[in-house]
Amino acid sequence: MDLRARDLASLWHPAAQMADWREHPPLEVVGAEGSWLHLADGRRVLDGIGSWWCKILGHRHPAVVAAIADQCARFDHHLLAGCTNEPVVRLAERWLALANRPAPGWFAKVFFADNGSTGVEVALKMALQWQAQAGDPGRTRFAALEHAYHGETAGALSVTDLGRYRSPFASMLTEPVRLLGLPVRSGSADPRWQDAAAEWPAIQAQLDAESRSLAAVIIEPVMQGAGGIRLYSPDLIRRLRGWCDAHGVLLIADEIAAGCWRLGEPLACHHAGVLPDLAVLAKGITAGALPFSMVLATDRIYGGFLGTWASGRAFLHSNTFAGHALGVACAHAVLDVAGEGALAGRVVQGGGRIRARLARALEDRPWLSGLRGIGLAVAVDLRCRDGAALDPALATGWRAARSATAAGVMLRPLGDSLYLMPPFTATDDELDAMVDGLLAGADAAVP
Ligand SMILES: Cc1ncc(COP(=O)(O)O)c(C=O)c1O
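Definitions and cut-offs
- Numbers given for residues are sequential positions, taken from 1 along each chain in its written order.
- Only residues with pLDDT of at least 70 are given local features in this predicted model, and only at 80 or more are side-chain atom pairs given and counted; all residues enter the totals for whole chains, interfaces and linings.
- Note on geometry: axes are C-alpha line fits, over the in-contact stretch for helices, and angles between N-to-C directions span 0 to 180 degrees.
- For helices the rule is a DSSP run of H or I covering at least 4 residues; for strands it is a run of E covering at least 2, with both sets numbered from the N terminus onward.
- Left-handed describes a crossing whose near helix is turned anticlockwise from the far helix by less than a right angle; the clockwise case is right-handed.
- Here the contact rule is simple: place C-beta atoms from the backbone, and any two residues whose C-beta atoms are within 7 Å are in contact.
- Residue classes follow a fixed rule: Ala, Val, Leu, Ile, Met, Phe, Trp, Tyr, Cys and Pro count as nonpolar, while Asp, Glu, Lys and Arg count as charged, and any other residue, Gly among them, counts as polar.
- Nearness rests on one distance test: the residue's C-beta atom, set from the backbone, must lie within 6 Å of the molecule or strand.
- How far each domain reaches was decided by an automatic or database domain assignment.
- Working definition of burial: number of other C-beta atoms within 10 Å of the residue's own, with buried at 20 or more, exposed at 12 or fewer, and partly exposed in between, all C-beta atoms being placed from the backbone.
- Here the rule is simple: two strands pair whenever DSSP picks up at least two bridges between them.
- Working rule for helices: expected span equals 1.5 Å times residues minus one.
- In these notes, a nonpolar core means any group of buried Ala, Val, Leu, Ile, Met, Phe, Trp, Tyr and Cys residues linked to one another through C-beta atoms within 7 Å.

Describing the packing of helix α3 (residues 62–72) against helix α11 (residues 325–338)
For the pair α3 and α11, interaxial distance at closest approach is 8 Å and the crossing angle is 140°. The handedness of the crossing between α3 and α11 comes out as right-handed. Only Ala 325, Leu 326, Ala 329, Cys 330, His 332, Ala 333, Asp 336 and Val 337 of α11 make contact with α3, whose side of the interface consists of Ala 63, Val 64, Ala 67, Ile 68, Asp 70, Gln 71 and Cys 72. In terms of residue class, the contact of α3 with α11 is built from eleven nonpolar, two polar and two charged.

Pasting the structure below:
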């Protein structure tokens with residue numbers, strides 16, 4: 001049996017309709033380097049979505065590979081309960097310093113977990129327990145944004161707003177307060193980029209109605225990823241920060257997709273110049289080499305959990321692989337490579353290049369619209385060839401992504417939108433080729 005047949009016989013893939021698998025078999029990867037995946041049939045394809053947005057330094061970056069080997073020579077992992085090591089402490093120190101740039105001393109502690117969804121669970125649980133221990137046990141609800149995506153575990157899925165991921169499991173989820181009417185913008189060139197005044201009164205009214213029941217508001221700062229690479233004004237974050245402070249509600253930033261320089265800053269919240277009470281990071285922090293996540297917390301949150309064992313105030317969340325030592329090593333390599341602004345500069349320059357090339361292509365393509373982007377995250381929406389709206393049942397996004405992949409650029413759609421989230425290390429030629437692949441896919445697929 002060839003590998004595809006064995007795959008079909010034995011694997012159940014993530015985010016897949018397996019009934020399609022025979023018609024659309026997976027790519028067989030035999031190697032990877034930089035922006036490229038090497039396939040068993042001798043072809044190579046560009047990883048236009050950085051393997052679900054995590055490969056910020058590309059595949060097998062030498063600094064990351066060396067860091068893993070070096071750490072393995074000492075210890076590969078030990079539990080983080082009751083033990084510590086120098087690299088994990090230094091990693092916390094380095095990320096606290098980076099995150100605190102707009103407000104030195106703001107975050108005080110790092111709690112480690114082992115993937116993005118679990119990091120979100122940690123933050124939600126911290127908020128609930130903190131509110132109860134601060135004398136407000138009635139604060140049991142969360143507010144979350146329309147179109148939000150926060151992960152696949154029950155708490156994270158509860159605050160997620162994407163029906164296709166959420167609906168089948170509604171019976172095991174809680175209902176958040178869903179904030180509607182976001183100040184959607186196209187990017188930093190939008191004249192109202194830093195201004196959410198028009199939309200705020202309606203959002204505030206939704207919050208005011210639940211101000212006594214909320215434990216926390218959770219957001220994907222600036223960019224909503226799986227919801228369609230939707231951008232909103234950073235001014236909303238400032239306004240939410242002010243509202244939360246005034247009403248005793250915590251603010252949680254899920255920085256899993258938008259943080260770690262994806263939008264050009266260490267944290268996407270830095271675009272707003274304010275910081276949340278809890279920030280969750282994953283994906284790029286290990287350059288996507290190992291599963292890993294971190295929750296940054298302020299001293300006020302941390303202090304709420306101190307007491308005797310008998311007080312029951314401790315935060316008893318324990319993942320076996322929390323703070324995995326090989327992940328810590330990768331995370332140091334990322335920060336070493338990032339240096340002082342090295343990654344940020346490339347992200348801003350590369351993102352500008354992609355947007356400019358796409359903007360030119362859109363001029364004679366009425367079937368592409370809604371160009372938006374910030375940092376190295378850029379998206380467009382597909383339409384019919386004459387510019388009319390698409391019938392979602394045609395699955396045009398999927399057909400376009402498959403055509404792009406056949407043309408040498410691996411993409412996945414978000415509904416009928418196509419997007420690029422390349423490694424920050426992609427060369428200009430590779431970025432241009434990714435745009436061309438996206439366009440080839442769109443041109444071939446639109447009806
Ligand atoms: C904003 C956001 N939150 C949470 C997650 C879940 O992270 P993970 O896939 O590591 O569980 C993702 C994954 O795409 C994400 O984009």
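Still more to cover.
Side note on the site of the ligand
Residues in contact with the ligand amount to 14 residues; listed here are only the nearest, Gly 116, Ser 117, Gly 151, Ile 256 and Ala 257. The element best represented in the shell around the ligand is helix α5 (residues 116–133), accounting for three residues.

Concerning the domain arrangement of the chain
Size of an interface, as often reported, equals the accessible area lost when the parts are brought together. Each assigned domain of the chain is listed here: domain 1 (3–60 + 341–445) and domain 2 (75–338). Spacing between the C-alpha centres of domain 1 and domain 2 amounts to 27 Å. Each partner contributes residues to the interface: domain 1 has 24 residues there, and domain 2 has 24 residues. Elements with a contribution of two residues or more to the side of domain 1 that touches domain 2: α2 (50–53), α12 (342–362), β14 (368–374), β15 (377–382) and β17 (417–420).

A short note on the pairing of strand β1 (residues 29–33)
Little of β1 sits out of view: just zero of its five residues are buried. Alignment of β1 against strand β2 (residues 36–39), held across four bridges, turns out to be antiparallel. Paired with Val 29 across the two strands is Leu 39, which belongs to β2. Connecting the antiparallel pair β1 and β2 is a turn made up of two residues, with Gly 34 showing a positive phi of about 55°.

Details of α5
Between the first and last C-alpha of α5 there are 26 Å, a value that for 18 residues agrees with the 26 Å anticipated at 1.5 Å per step. Positive phi appears at Gly 135, one or two residues downstream of α5, with a value of about 90°.

Re the sheet that holds β14
In space, the three strands of this open sheet follow the order β14-β15-β17, with antiparallel pairing throughout. Of all the strands in the sheet, the pair left with one neighbour each is β14 and β17. In this sheet, neighbouring strand axes are inclined to one another by 15° on average, regardless of whether the strands run parallel or antiparallel. In this structure, β15 lies alongside β17, joined through four bridges in antiparallel fashion. Its bridge partner lying in β17, Val 380 is registered against Leu 418. Helix-sheet contacts for helix α13 (residues 396–406) involve β15 and β17, and the interaxial angle to β17 is about 40°. Running over the sheet, helix α14 (residues 428–445) touches β14, β15 and β17 and is turned about 165° from β17.

Some thoughts on the pairing of strand β13 (residues 293–298)
For β13, the buried fraction is high: six of the six residues fall into the buried class. The two faces of β13 match: Ser 293, Val 295 and Ala 297 on one face and Met 294, Leu 296 and Thr 298 on the other face are all buried. Sheet analysis places strand β12 (residues 278–281) next to β13, joined by four bridges and oriented antiparallel. Across the sheet, the residue bridging to Val 280 is Val 295, located in β13.

Remarks on the nonpolar core
Core analysis: the largest hydrophobic core is formed by 132 residues, its most contacted members being Ala 216, Leu 278 and Cys 330. Per-element tally for this core: the top contributor is α11, with nine residues. Mapped onto the domain boundaries, this core takes at least three residues apiece from domain 1 (3–60 + 341–445) and domain 2 (75–338). Not counting chain neighbours up to four residues away, the residues in contact with Leu 278 comprise Ala 123, Met 126, Ala 127, Leu 250, Ile 252, Val 295, Leu 296, Ala 297 and Ile 301.

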